[in-house]
Amino acid sequence: MKKILLILAVVLTASFTSIDNNDIVEAQVTYSGQSDKAYYFTNKDTGKVLEFTFVSKKAISKYDLSTKQLTGKEFIITYEIDNIEIVSKDTQVKKHKKRLILIDIKMIESKVVDN
């Protein structure tokens, strides 16, 4: 009987536990450059700088972002917002941080205007 109650308690707990889903976002951005640890893009709509320390193989293989020629170019990017929890060992205080993961990137072609 104790086994059945234990199994029932585990099943009920697991069924009501929520799992955070990460948001997938697409944005029009301008490439701002890179540092030793990240790639930086500026969101065209909000003006905020997006820092990507994690980049998928698919995205990184499309363009050589280390070249200066791509700085200032416009892209459509797809990225994931990964909400992570950081617990301090000293104070046992939980901090929440958003980590951005670049999934895909596509350059916006410049339109040539004929006069």
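Please read all numbers here as calculations on a predicted model, not as lab measurements.

About the thresholds
- Residues numbered from 1 in each chain as written.
- Predicted model: local features only at pLDDT ≥ 70, side-chain atom pairs only at ≥ 80, totals over all residues.
- Heavy atoms only, no water.
- 1 Å grid on protein atoms, 1.4 Å probe; cavity = no way out; pocket = protein on both sides within 12 Å on 5 of 7 lines; lining within 4 Å.
- Points joined across faces, edges and corners; volume = space filled by probe spheres on them.
- Helix = DSSP H or I, 4+ residues; strand = E, 2+ residues; numbered from the N terminus.
- Nonpolar A, V, L, I, M, F, W, Y, C, P; charged D, E, K, R; others polar.
- Phe/Tyr/Trp six-rings, centres within 6.5 Å; stacked < 30°, edge-to-face > 60°.
- Buried < 20%, exposed > 50% of the residue type's maximum accessible area, 1.4 Å probe, protein only.
- Pairing = 2+ DSSP bridges.
- Lys, Arg positive; Asp, Glu negative; His and termini not counted.
- Salt bridge = Lys/Arg side-chain N within 4 Å of Asp/Glu carboxyl O.
- Polar contact = N/O pair within 3.5 Å; in protein donor to acceptor, adjacent residues only side chain to side chain.
- pLDDT = per-residue confidence, 0-100.
- Contact = heavy atoms within 4.5 Å.
- Core = buried A, V, L, I, M, F, W, Y, C linked by side-chain atoms within 4.5 Å.

K.L.:
Quick rundown of the layout of surface pockets? Include the residues and the values.
P.N.:
For the largest pocket, the calculated volume is near 160 Å³. Around the largest pocket, the lining residues are Lys-37, Glu-51, Thr-53, Phe-54, Ile-84, Lys-97, Lys-98, Arg-99 and Leu-100. Counting residues per element, the lining of the largest pocket draws most heavily on strand β6 (residues 94-107), at four residues. Class assignment of the residues belonging to the lining of the largest pocket gives a composition of three nonpolar, one polar and five charged.

K.L.:
Just give me the short version of the packing of aromatic side chains, but keep the residues and values in it.
P.N.:
Inspection of every chain in the model, using the stated rule, returns five aromatic pairs. Consider the rings of Phe-52 and Tyr-79, whose centres lie 5.4 Å apart with planes at 75°: the pair is edge-to-face. Within this pair, whereas Phe-52 is found in strand β3 (residues 49-52), its partner Tyr-79 is found in strand β5 (residues 74-87), the two being separated by 27 residues in sequence. Across the pair, exposure class does not vary: Phe-52 and Tyr-79 are buried alike. Measuring from ring centre to ring centre gives 5.4 Å for Tyr-63 and Phe-75, while their planes differ by 70°; the resulting arrangement is edge-to-face. Here Tyr-63, found in the loop between α2 (57-60) and β5, pairs with Phe-75, found in strand β5; they are 12 residues apart in sequence, far enough to count as distant. One aromatic cluster is present, built from ring pairs that chain together Tyr-31, Phe-41, Phe-52, Tyr-63, Phe-75 and Tyr-79.

K.L.:
Any details on the sheet that holds strand β4 (residues 54-55)? Residues and values, ideally.
P.N.:
What the six strands build is an open sheet, ordered β3-β2-β1-β5-β6-β4; its pairing is mixed. Of all strands in the sheet, those bounded by a partner on one side alone are β3 and β4. With eight bridges joining them, strand β1 (residues 23-34) and β5 adopt antiparallel strand pairing. Bridge pairing in β5 places Asp-23 opposite Ile-81.

K.L.:
An account of the side chain of Glu-80 is needed here, citing residue identities and associated values.
P.N.:
Among the secondary structure elements, Glu-80 is positioned in strand β5. Buried within the structure, Glu-80 lacks any salt-bridge partner; its nearest side chain of opposite charge belongs to Arg-99, at an N-O separation of 7.9 Å. Side-chain polar atoms of Glu-80 contact the side chain of Asn-22, separated by 2.7 Å.

K.L.:
Let's hear about the confidence of the model for the protein chain: which residues, and what values?
P.N.:
Considering every residue of the protein chain, the mean pLDDT works out to 82; 77% of them sit at 70 or more. When pLDDT is averaged over each helix and strand of the protein chain, the minimum, 49, is found for helix α1 (residues 2-16) and the maximum, 97, for strand β2 (residues 39-43). Every residue in residues 11-19 is under pLDDT 50, and counting partners more than four places away or in other chains gives zero contacts.

K.L.:
Which residues make up the nonpolar core, and what values do they have?
P.N.:
One recurring pattern in soluble globular proteins: nonpolar side chains tend to sit buried together. Counting residues in hydrophobic clusters, the biggest one holds 17 residues, and the most contacted among them are Phe-41, Phe-52, Phe-75, Ile-77 and Tyr-79. Going through the elements one at a time, β1, β2, β3, β5 and β6 are the ones with two or more residues in this core. Here the element with the most residues in this core is β5; it accounts for four residues.

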